[in-house]
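# Coordinate inspection notes
These are the residues of each chain, in order.
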Number of protein chains: 2
Amino acid sequence: MLTYSFADIGSDALYEHLYKCLKADIISRKIKPGEKLPSKRSFAKNLGISVITIENAYEQLMSEGYIYSIAKKGFFVADISSVSSKKQILVDRENLSMTSDEERYLADFSSNRISNKQFPFTVWAKLLRECLLDYQEELLVKPPSGGALVLRKAIAKHLHDFRNMNVDPEQIIIGAGTEYLYGQIVQLFGQDKVYGVEDPGFPKTAQVYQVNGAKVKYISLDEEGICVEELIKEKVQVAHTSPSHQFPTGRITPISRRYELLGWASKREERYIIEDDYDSEFRMVGKPIPTLQSIDVNEKVIYLNTFSKSISNTVRISYMVLPKHLVDLYYKKLYFYSCPVPSIVQLTVAKFIGEGYFEKHINRLRTFYRKQRDILLQEIQDSKMSSLVKIREADAGLHFLLALSISCTDDEFVGAMERQGIRLRAVSEYYQNRESMSTHTFVINYSSLTEEQIKVAVQIMSKEVLLHTKKSIPKKSKK
Amino acid sequence: MLTYSFADIGSDALYEHLYKCLKADIISRKIKPGEKLPSKRSFAKNLGISVITIENAYEQLMSEGYIYSIAKKGFFVADISSVSSKKQILVDRENLSMTSDEERYLADFSSNRISNKQFPFTVWAKLLRECLLDYQEELLVKPPSGGALVLRKAIAKHLHDFRNMNVDPEQIIIGAGTEYLYGQIVQLFGQDKVYGVEDPGFPKTAQVYQVNGAKVKYISLDEEGICVEELIKEKVQVAHTSPSHQFPTGRITPISRRYELLGWASKREERYIIEDDYDSEFRMVGKPIPTLQSIDVNEKVIYLNTFSKSISNTVRISYMVLPKHLVDLYYKKLYFYSCPVPSIVQLTVAKFIGEGYFEKHINRLRTFYRKQRDILLQEIQDSKMSSLVKIREADAGLHFLLALSISCTDDEFVGAMERQGIRLRAVSEYYQNRESMSTHTFVINYSSLTEEQIKVAVQIMSKEVLLHTKKSIPKKSKK
């Protein structure tokens with residue numbers, strides 16, 4: 001017979017405790033649908049409690065539909081499975097576990113997660129401990145809705161020193177990841193605006209705008225970046241672009257196109273540009289071109305950046321720089337939001353920037369990635385596929401493109417590599433209207449790979465390229 | 001003449017450095033609009049650099065509109081003020097500084113921020129340091145989009161033990177504050193749904209739904225809570241309610257109305273209930289009534305709660321429990337979101353709950369607040385206004401209501417108190433269609449007050465009540 005302990009039931013009434021125990025067992029299916037419950041009398045005897053207590057518990061369970069009674073037969077467990085159990089949860093493994101599927105591959109060129117080994121964990125932990133000591137008072141007060149002032153000041157100084165941007169801390173809004181800020185922008189402008197996103201581009205950008213209720217148009221790129229004519233044709237009001245380093249094409253928008261974009265925005269009051277500067281810290285060669293924000297005298301540019309790539313993707317701090325008149329609108333319209341980033345993390349990042357660690361970290365990362373890139377480029381050059389590949393856009397950011405002389409489709413090549421344990425994505429996969437396009441160009445994110453992985457991956461890739469090269473197309477056999 | 005140092009210009013070209021210096025000074029108005037710049041020749045001589053360098057810097061500044069040239073006269077600073085400087089930023093002080101306006105009042109009954117002194121800072125700091133040591137690996141990996149599994153497991157166990165809810169960790173989604181989760185819900189269901197919010201209620205709830213693009217209807221309350229008839233009449237699809245402790249009325253929805261609400265939701269596929277359980281931990285008297293979530297066998301309830309009140313409002317962790325079929329929809333529609341809460345904070349909260357500190361903390365807070373409430377109630381009873389006040393809804397949560405026998409309007413009384421340094425809000429202020437309603441009922445949030453503040457505030461209030469009491473209405477003087 002069912003037995004439950006009444007030892008530590010806290011302040012619950014006895015019947016409540018019994019009701020809870022039974023309910024939990026019914027829900028977890030320890031007691032199955034249709035199963036008969038003990039009679040009130042025998043159950044009471046067995047548990048050493050009164051019949052009234054059993055009665056009350058059964059009544060509660062009946063009123064909630066967990067059990068039912070049949071006259072002269074007794075109490076039976078209801079079938080609640082039709083509602084709650086049959087529906088399986090289709091949760092991706094990734095959504096639950098702490099580990100990613102990184103390990104499933106010999107090498108993964110598909111994502112530009114930063115190398116964790118480069119994260120200055122000891123410094124970070126030290127600063128965090130210092131913040132716990134130094135800011136005890138501040139840590140208990142809700143930060144202002146735009147973010148902790150000390151962090152906004154540190155970011156303003158950083159932007160001034162490294163991106164030549166003159167920004168008031170007031171213009172900076174701290175967010176929990178760039179997706180959060182995309183959503184805030186839609187809420188700032190309203191859901192009725194038309195957003196133009198780059199095609200090809202990060203699929204997530206368009207997805208976030210769309211689930212926030214905004215209309216999205218996919219705008220083609222030409223060699224200089226996002227097409228201004230198409231922005232006009234598609235009646236775009238807010239253009240989202242990454243002129244410093246477009247993903248996936250790797251293109252850098254020249255200054256002339258930047259002025260054209262600012263010109264486009266200046267022509268209509270409702271037009272704005274979102275400048276997503278997601279990996280500008282990792283320019284490998286040459287001087288950076290001024291950000292749109294820094295040459296915008298017309299208050300048309302919202303500048304966005306994140307520390308996910310430059311510090312660690314577990315930090316989840318991003319920020320946007322609003323033009324001054326939009327700062328007013330922001331606080332008028334969205335004043336009721338609290339800053340979503342915990343104070344302790346804001347203050348630690350502020351210290352990390354303010355005490356010079358961020359600059360050192362970026363420099364070290366840049367050197368490290370440059371070395372990785374060079375090893376990878378060298379390996380490719382030394383491989384048997386060297387005459388069959390062209391490297392494109394290797395000067396900025398954490399990825400470049402590999403154009404291959406192969407005869408199969410992009411999907412076929414990606415599939416062949418996947419079977420060999422190498423994850424790779426074709427540029428064509430990032431196009432919205434892809435249809436059966438094959439550009440034979442692949443995105444090479446190299447930031448998280450070890451030297452060993454690079455060597456193995458290039459060897460495997462080289463073999464596959466030679467197998468699929470145009471030269472190897474079987475000649476029509478003579479009949 | 002303008003002088004700039006070329007000592008540490010890093011990898012900048014000379015002209016770039018000069019261009020940056022000039023631009024910065026023009027923007028900061030160190031060099032005023034209309035001011036003439038030095039001639040190229042004399043400037044070059046003064047700085048000890050070539051004329052070509054000056055020329056390049058001037059050209060860049062011209063192309064960007066910062067300076068202009070007049071033939072045979074030279075180079076002049078453009079007036080960029082019309083665009084960028086005239087517009088003043090109307091930033092609320094609160095949005096920038098770290099301190100709130102709490103100190104401006106002798107006592108503030110208007111907000112239920114939790115008392116910082118109760119926060120177990122030492123334990124918190126210890127756990128945070130432990131997490132830095134124990135979870136080095138996990139801290140560098142992006143948490144799954146629903147939140148760190150260890151935290152979701154801890155929450156599921158907590159809900160099981162203290163709210164009698166049987167929840168899979170998969171059903172829990174971690175968010176950065178409840179506002180973030182309100183937004184996610186709108187994105188989950190789409191912007192075309194009609195949300196019903198309680199009137200009176202937290203203004204922020206409706207505001208967040210509205211800026212996210214959803215339609216909002218204000219639904220009246222009766223003595224039992226949100227009106228089901230009105231939900232039907234207003235064609236509400238998603239009802240937002242706080243049955244455990246409504247704000248500001250303090251009402252607790254009885255079990256019968258809870259079943260009615262579940263019945264309403266079950267009648268149409270698109271109907272759902274958002275159960276906002278924001279301060280249920282602080283029930284002062286009696287047993288809690290089961291949550292809607294725990295008696296919902298039809299998967300119609302989204303349960304929401306936050307640690308802002310129960311741990312600290314700087315923690316910014318909230319969570320929602322989705323019915324199982326909505327878990328599928330969530331990952332299908334919003335899979336691309338990253339979890340907005342930094343891993344370190346998630347892991348520390350998980351430890352805080354898992355190692356029993358959360359329970360201890362809640363119990364200590366509850367005892368502390370109960371004592372505060374009792375002092376406040378006693379002070380009121382001992383005061384001269386005792387016969388002129390009625391206390392309402394003092395059994396749950398961190399506020400109760402004070403009904404006063406006064407003859408002035410609510411606004412007049414709030415104003416009179418404000419002039420005495422006491423911040424207070426009338427229940428009528430939380431009504432959407434307030435017009436000139438005066439209920440003479442005021443919201444008393446007592447959680448952040450010291451004993452001293454309570455005493456002073458009751459004295460002042462007592463004096464004001466006696467001044468404004470109905471008895472003191474001047475009788476018509478005989479003519």
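Residues and elements named next belong to chain A. Sheet architecture is open: four strands sit in the order β12-β13-β16-β15, paired in antiparallel fashion. Edge positions in the sheet fall to β12 (389-392) and β15 (425-426), since each has one partner strand and no second. As paired strands, β15 and strand β16 (residues 441-445) are joined by two bridges and run antiparallel to one another. If you follow Ala426 over to β16, its bridge partner there is Phe442.

Quick look at the nonpolar core now. The biggest cluster of nonpolar side chains holds 149 residues, and the ones touching the most others in it are Val349, Phe413 and Met461 of chain A together with Val349, Phe413 and Met461 of chain B. Here the element with the most residues in this core is helix α15 (residues 357-382) of chain A; it accounts for eight residues. Setting aside residues no more than four positions away along its own chain, Val349 of chain A makes contact with Trp124, Leu151, Phe307, Ile311, Val315 and Ile317 of chain A. Residues Ala214 and Met320 of chain A together with Val208 and Leu334 of chain B belong to the second largest nonpolar core, which totals 60 residues.

Packed helices, taken two at a time, are described by the angle their axes make and the gap between the axes. All names here are of chain A. Where helix α9 (residues 178-189) contacts helix α10 (residues 203-211), the axes come no closer than 9 Å and their chain directions differ by 40°. By the criterion of interaxial angle, the relationship of α9 to α10 is oblique. Considering the relative orientation of α9 and α10, their crossing is right-handed. Here α9 contributes Glu179, Tyr182, Gly183 and Val186 to the contact with α10, which in turn contributes Lys204, Thr205, Val208 and Tyr209. For the contact of α9 with α10, a count of residues per class yields four nonpolar, two polar and two charged.

Let us now look at the pattern of salt bridges. Tallied over the full model, the rule gives 42 salt bridges over all chains. A salt bridge links Asp161 of chain A to Lys157 of chain A, with the shortest nitrogen-to-oxygen separation between them at 2.7 Å. In this pair, Asp161 of chain A and Lys157 of chain A both sit in helix α8 (residues 149-163), four residues apart, roughly one turn of the helix. Lys157 of chain A sits in the exposed class, given a relative accessible area of 53%. The partner of Lys126 of chain B in a salt bridge is Glu130 of chain B, and the shortest N-O contact between them spans 3.6 Å. Taken as a pair, Lys126 of chain B and Glu130 of chain B lie in helix α6 (residues 121-134) at a separation of four residues, close to a single helical turn. Among the residues examined, Glu130 of chain B registers a relative accessible area of 24% and is labelled partly exposed. The network of salt bridges with common partners includes Lys126, Glu130, Asp134, Lys351 and Glu355 of chain A.

With 14 residues, helix α6 (residues 121-134) of chain A should reach 20 Å at 1.5 Å per residue; the first-to-last C-alpha distance of 20 Å fits that figure. Buried within α6 of chain A we find Phe121, Trp124, Ala125, Leu127, Leu128, Cys131 and Leu132 of chain A. Mapping the buried residues of α6 of chain A onto a view down its axis gives an arc of 165°, with all of them on the same face. Opposite the packed face of α6 of chain A, turned more than 90 degrees from it, sit the exposed residues Thr122 and Leu133 of chain A. Looking at the buried side of α6 of chain A, the elements it contacts are α7 (136-139), α14 (343-354) and α15 of chain A together with α6, α7 (136-139) and α14 (343-354) of chain B.

So, about the side chain of Asp108 of chain B. Assignment of secondary structure puts Asp108 of chain B in strand β3 (residues 107-108). Relative accessible area serves as the criterion here: at 4%, Asp108 of chain B is assigned to the buried category.

Glancing now at the packing of aromatic side chains. All names here are of chain A. Enumeration over the complete set of coordinates arrives at 47 aromatic pairs over all chains. Their ring planes at 25° and their centres at 4.4 Å tell us that Tyr195 and Tyr209 sit as a pair that is stacked. Here the residue Tyr195 occupies a position in strand β5 (residues 194-199), and Tyr209 occupies one in helix α10, the gap between them amounting to 14 residues. Judged by its relative accessible area of 0%, Tyr209 is buried. An aromatic cluster is defined as three or more aromatic residues linked by ring pairs; in this entry it consists of Phe119, Phe121, Trp124, Tyr303, Phe307, Tyr319, Phe352, Tyr357 and Phe358. Here Lys300 stacks its cationic end above the ring of Tyr272, 4.6 Å away from the centre of that ring.

Take chain B, turn it by 180°, move it 0.1 Å along the axis, and it overlays chain A with an RMSD of 0.2 Å. In symmetry terms, the pair is related by a two-fold rotation axis. A symmetric contact is evident, with 100% of the interface residues of chain B recurring at the interface of chain A.

We now examine the sheet that holds strand β11 (residues 318-321) of chain B. All names here are of chain B. In space, the eight strands of this open sheet follow the order β4-β11-β10-β9-β8-β5-β6-β7, with mixed pairing throughout. Here the strands that pair on one side only, and so sit at the sheet edges, are β4 (172-175) and β7 (225-226). In the sheet, strand β5 (residues 194-199) pairs with strand β6 (residues 215-222) via six bridges, with the strands oriented parallel. Counterpart to Glu198 in the pairing with β6 is Ile219. Its contacts with the sheet put helix α10 (residues 203-211) on β5, β6, β8 (238-241) and β9 (272-276), and the angle it makes with β6 is roughly 160°.

A few words on the packing of α15 of chain A against helix α17 (residues 451-468) of chain A. All names here are of chain A. Put simply, α15 and α17 touch, their axes get as near as 10 Å, and they point 25° apart. Relative to α17, the element α15 is oriented roughly parallel. Crossing angle aside, the handedness with which α15 passes α17 is right-handed. Residues Gln372, Ile375, Leu376, Glu379 and Ile380 of α15 form the contact with α17, whose own contacting residues are Glu451, Ile454, Lys455 and Val458.

As a further point, take the confidence of the model for chain A. All names here are of chain A. Per-chain confidence: chain A averages 86 in pLDDT, with 90% of residues scoring 70 or above. Segment residues 82-102: pLDDT under 50, and 44 contacts once partners within four positions in sequence are set aside and those in other chains are kept. Counting contacts from residues 475-479, a segment whose pLDDT is below 50, to residues more than four positions away or on other chains yields zero contacts. The ipTM assigned to the predicted complex is 0.73, against a pTM of 0.76.

Thresholds, definitions, all that
Residues numbered from 1 in each chain as written. Chains lettered and ligands numbered in written order. Predicted model: local features only at pLDDT ≥ 70, side-chain atom pairs only at ≥ 80, totals over all residues. Heavy atoms only, no water. Pairing = 2+ DSSP bridges. Helix = DSSP H or I, 4+ residues; strand = E, 2+ residues; numbered from the N terminus. Core = buried A, V, L, I, M, F, W, Y, C linked by side-chain atoms within 4.5 Å. Buried < 20%, exposed > 50% of the residue type's maximum accessible area, 1.4 Å probe, protein only. Contact = heavy atoms within 4.5 Å. Axes fitted to C-alpha atoms, helices over the stretch in contact; angles between N-to-C directions. Parallel < 35°, antiparallel > 145°, perpendicular 65-115°, else oblique. Left-handed = near helix turned anticlockwise from the far one by under 90°. Nonpolar A, V, L, I, M, F, W, Y, C, P; charged D, E, K, R; others polar. Salt bridge = Lys/Arg side-chain N within 4 Å of Asp/Glu carboxyl O. Expected span 1.5 Å × (residues − 1). Arc of directions from axis to C-beta. Phe/Tyr/Trp six-rings, centres within 6.5 Å; stacked < 30°, edge-to-face > 60°. Lys NZ or Arg CZ within 6 Å of the ring centre and 35° of its normal. Least-squares fit on C-alpha atoms with pLDDT ≥ 70 in both. pLDDT = per-residue confidence, 0-100.

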